[in-house]
Amino acid sequence: MGKDLEVGLLDKRRNSNSTKSSVSLVLLCLLLIAACGIIINRSAHKEEEWREKEEVVHPAFVSRGPSHGVSEKSARVSVASPYPWTNAELKWQRTGFHFQPEKNWMNDPDGPLFYKGWYHFFYQYNPDSAIWGNISWGHAVSKDLVEWFYLDLAMVPDQWYDMNGVWTGSATFLPDGRLVMLYTGSTNESVQVQNLAMPADPEDPLLQKWVKSDANPVLIPPKGIGLTDFRDPTTGWVDDDGVWRIIIGSKLNKTGIALTFMTRDFVHYEQEGILHSVPGTGMWECVDFYPVNISGAPAGVDTSVTGPGVKHVLKASMDDDKHDYYAIGTYDVENQKFVPDEPEEDVGIGLRLDYGKYYAAKTFYDQDKGRRVLWGWVGETDSEQDDLMKGWASIQTIPRDVWFDSKTKANILQWPVEEIDNLRSDKVELEDVVVPPGSVVKINTPSAAQMDIELVVEFPSQDAVRQTLEADVLYNCSTSGGSRGRGAMGPFGLLVLADEILSEQTAVYFYIAKSADGQLKTFFCHDETRSSHATDLILRIHGSSVPVLLDEKTISVRTIVDHSVVESYAQGGRRCITSRVYPTRAIDGSAKVFLFNNATSSFFTVKSLNVWQMKSVLLRPYES
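Residues numbered from 1 in each chain as written. Predicted model: local features only at pLDDT ≥ 70, side-chain atom pairs only at ≥ 80, totals over all residues. Heavy atoms only, no water.

1. Topic: the pairing of strand β7 (residues 192-199)
Moving residue by residue along a regular strand, the side chains alternate between the two faces of the sheet. Counting buried residues in β7 gives 7 out of 8 residues, a clear majority hidden from the surface. Taken together, the 6 bridges between strand β6 (residues 179-186) and β7 define a ladder with antiparallel strand orientation. Within the sheet, the bridge partner assigned to G185 lies in β7 and is V193. Adjacent in sequence and paired antiparallel, β6 and β7 are bridged by 5 residues, among which S190 carries a positive phi angle near 65°. (Buried < 20%, exposed > 50% of the residue type's maximum accessible area, 1.4 Å probe, protein only. Helix = DSSP H or I, 4+ residues; strand = E, 2+ residues; numbered from the N terminus. Pairing = 2+ DSSP bridges.)

This is how it looks when you write it as C-alpha cells:
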C-alpha cells in the first residue's frame, strides 16, 4: 500500500512541474544525448525498480538540515578567526562517563529499550564526519546504562524511502514479545515518510541485524501536511479497543500538532485525528507520550497504561527555538485527545525538560527495573571547525529516571539513574558552613574535572524574608546580570570548572526574588559567560524559576561535572539545566570548585555539601 502511494505522490509532483519546465528538460536531454550518445527510455515500472536498487551516493559533508526539511543539527557558530585550540585542550573536552560515539557526529536518541538482558541505545549518527549528514543509526549496548559497547550500524540509508537519512524512530513491544521499530526516512526526493524495521534474528540479545519491511513506506504525509513536516513516530500504545496508536509530529501553518494514527499490524494505518495542538508553536518533532503514576512513586508504568491512577506527559521538541517542552494532563481515551491540566503551561509555551543545551529527548519503559528512563541529546556550542578538528560532536545526557511530582502536582521529576552512583569514589563532605555575602570559598578536592556534587542550603524564614526583601519582579536568569549581578538574596551556589583566580568559571546558582504580591520566587540558573577564554563559542545564561513549597526548609542542587558538560538537578529534579563548556585554563589539575555568595546582605548556610570524584568508564567496541 505505502509503496504505491509514495510512487504516486512522487509522480504527481513531477507532473505538476512538467509544463513549466518542458523546454528545459528537452534541451537537457538533447545535450546529454549529444555528449554521451545514450538514449534513456525507462518505463514507470523500471524507474521504481531503479529507485529501490540504486547505490546510495552520499553527499559532501556539509550541514544541510534546513534544505532537507529538518532542523539544523549544528551550533553554526560564525567564526571570523577560530580560537587556536591545542590538541591537549581538545582531547580534554571528551567526557569520561557520558555516552558518545568513538568519533564523528551524533544527534537524536532512537528507540532505546531493554531486551534479553541488555540495554540498547540507537542514535542518529554520521559515520563519515563530525558534522550532520549521511544520517544512519548507530547502536550500542550496556548491562547497566553506564558502560557501553559499540556495535555495527543498525540501519543505513540504502533504500529510496530513506536515501536522505534514517531519521528518528521508536521501539514498540507487541504482546507476544515481538519487537518492531518505526522510523522516519527522508526519501530520494526529501519527502518524510514512516518506515518499519524488525530484528533479523529475534533470538539475538544484541539485535545486531535489522530488516526493513517490504511494505515501506508504511505512512506518507497526509493531505494538508507538508512533505517535509511529518516525522518522528512514537512508541505505540494499545487502548481497550485492542487497537495500537502512535503519534507523529507536524504543523499546520504555525500551529504545532501531534497526529494520531491507528494500526493493528504496524503496516496498515488509519489517521484518527490530532491528539493535541498549540497555536504559534511551529513544527513539533521528536514527540513523546507516556503515563506517569500520580502516587509520585519513582516506579514507571508501561506506555499502554491508562485510567484514574495516572497522568499523561506530552512532550515535543520545538523546531523553531530548539528546546524540549512538555505538559502534564489527561488522556481522554474516548475522544482521543490530550487535555493539559494547565492550559497556560501547554506544550511549547510552558515547562521545559531542561533549560540548557538539550534537545530531541526520548523515554522508554524499562520493564526490567519498572522505571521510565529519559535520554536527551546535548549538542556542541563551539564551531563546526572545532568539531572537525577534534573529530567528534555531541554527547547524550546521563540517562534520567522520570516520575510525577506528587508534591507540586504540576511537573515531573528527573534524576540520574541509580547506576551512575557506582562511579563515585573519593568524597569531600562539609556541614553547617556559613558563606558571608560577597565571598568565595574554595573546596579542596583532588580533581574537579569529573565530579558529582550535592549541595543543600538552609532556606531562610520565608516570613522574615518577605518583611525585609524589596520586590524584584523583573528578575530573570538570562537578563539580570547572571552570577555577576547582586541582589539582597543572591546569586549564591557553586562555581565549577573554575581556575584558581576565577578567570574561568561556570556558575550554578540560586536567586531568591520577591514578587509584587509579596510571594517569594526562587530562580535556578547556569551562567556560562565566563566559562572559557575561547572566542568561538556560544555562551549563555540559562535557567528558570523552581518551585519551593512553603513547608520545605532547604533548597538543593545536584551538579554532575564531566569535562565539557555540566548537568544540574534543582530541588530533587523539578528543574534541570545542561551546559556545554570549553575551558582553556580550568582543565586537568587546574580545574577547581568553589562555593560563592554574591548577595549584598544575606548569609547562606550550607547544611550539607558532598563532593565525589567520578571514575571514568571505558566505552569500546563489543567483542563476542
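2. Observations regarding the layout of surface pockets
For the largest pocket, the calculated volume is near 690 Å³. Residue lining of the largest pocket: 36 residues in total, with K521, S545, V546, P547 and R575 positioned closest to the centre. Sorting the residues of the lining of the largest pocket by element identifies β15 (323-332), α5 (462-468), β27 (506-514), β28 (520-527) and β29 (541-546) as the ones contributing at least two each. Tallied by class, the residues present in the lining of the largest pocket amount to 17 nonpolar, 10 polar and 9 charged. Residue contributions to the lining of the largest pocket reach at least three from each of two domains, namely domain 1 (101-416) and domain 2 (424-621). (1 Å grid on protein atoms, 1.4 Å probe; cavity = no way out; pocket = protein on both sides within 12 Å on 5 of 7 lines; lining within 4 Å. Points joined across faces, edges and corners; volume = space filled by probe spheres on them. Nonpolar A, V, L, I, M, F, W, Y, C, P; charged D, E, K, R; others polar. Domains from an automatic or database assignment.)

3. A short note on the environment of V606
In this structure, V606 sits in strand β34 (residues 604-614). Residues V606 and V433 lie 173 residues apart in sequence; the distance between their C-alpha atoms is 4.9 Å. With sequence-adjacent residues up to four places away left out, V606 is seen in contact with E431, D432, V433, V435, L455, V456 and L595. (Contact = heavy atoms within 4.5 Å.)

4. Comments concerning unusual backbone geometry
Here the bond from N216 into P217 is cis, since omega is -5°, no more than 30 degrees from zero. Cis peptide bonds are those with omega within 30 degrees of zero, and the linkage from G490 to P491 qualifies with 5°.

5. Things to note about the state of the cysteines
Counted according to the given criterion, the structure contains 1 disulfide. C477 shares a disulfide with C525; S-S distance 2.1 Å. Its S-S torsion of about -65° marks the bond between C477 and C525 as left-handed, since a negative value means left-handed. A residue pair is termed long-range when its members are at least 10 positions apart, and C477 in the loop between α5 and β26 (492-498) and C525 in strand β28 qualify at 48 residues. (Disulfide = S-S within 2.5 Å.)

6. A few points about the side chain of R558
Note on placement: R558 falls in strand β30 (residues 554-562). The exposure class of R558 is buried, given its relative accessible area of 2%. At 3.0 Å, the side chain of R558 and the side chain of D421 are in polar contact. Ignoring sequence-local partners within four residues, the contact set of R558 consists of W415, P416, I420, D421, R424, D452, I453, E454, E567, S568 and Y569. (Polar contact = N/O pair within 3.5 Å; in protein donor to acceptor, adjacent residues only side chain to side chain.)

7. Observations concerning the environment of G280
Locating G280 in the fold gives a position in the loop between β12 (269-278) and β13 (284-293). Judged by its relative accessible area of 59%, G280 is exposed. A sequence separation of 25 residues divides G280 from T255, and the C-alpha atoms of the two residues are 5.1 Å apart. In this structure G280 touches K254 and T255, once residues within four positions along its chain are discounted.

8. Things to note about the pairing of β26
Taken across its 7 residues, β26 has 7 buried, putting it largely inside the fold. For β26 and β27, the ladder comprises 5 bridges, and the chain directions are antiparallel. If you follow L494 over to β27, its bridge partner there is V508. Of the pairings in the sheet, the one linking β26 to strand β33 (residues 592-597) comprises 5 bridges and is antiparallel in character.

9. Notes on the pattern of salt bridges
On inspection of all chains with the given rule, the structure shows 33 salt bridges. Of the charged contacts, one joins K311 and D341 as a salt bridge, the two residues approaching to 3.2 Å between their closest N and O atoms. Within this pair, whereas K311 is found in strand β14 (residues 310-318), its partner D341 is found in the loop between β16 (337-340) and β17 (359-366), the two being separated by 30 residues in sequence. Across the pair D387 and K390 runs a salt bridge, and its minimum N-O distance is 3.4 Å. (Salt bridge = Lys/Arg side-chain N within 4 Å of Asp/Glu carboxyl O.)

10. Side note on the side chain of S483
Note that S483 resides in the loop between α5 and β26. Ignoring sequence-local partners within four residues, the contact set of S483 consists of P491, Q505, A507, Y509, D527, R530, F596 and N598.

11. Examining the sheet that holds β6
What the 4 strands build is an open sheet, ordered β5-β6-β7-β8; its pairing is antiparallel. Two strands in the sheet have a free side with no partner beyond their single neighbour: β5 (166-173) and β8 (210-212). Mean inter-strand twist for the sheet, computed between neighbouring axes without regard to direction, equals 30°. In the sheet, β5 pairs with β6 via 6 bridges, with the strands oriented antiparallel. Residue pairing for β6: G169 is matched across the bridge by Y183. (Axes fitted to C-alpha atoms, helices over the stretch in contact; angles between N-to-C directions.)

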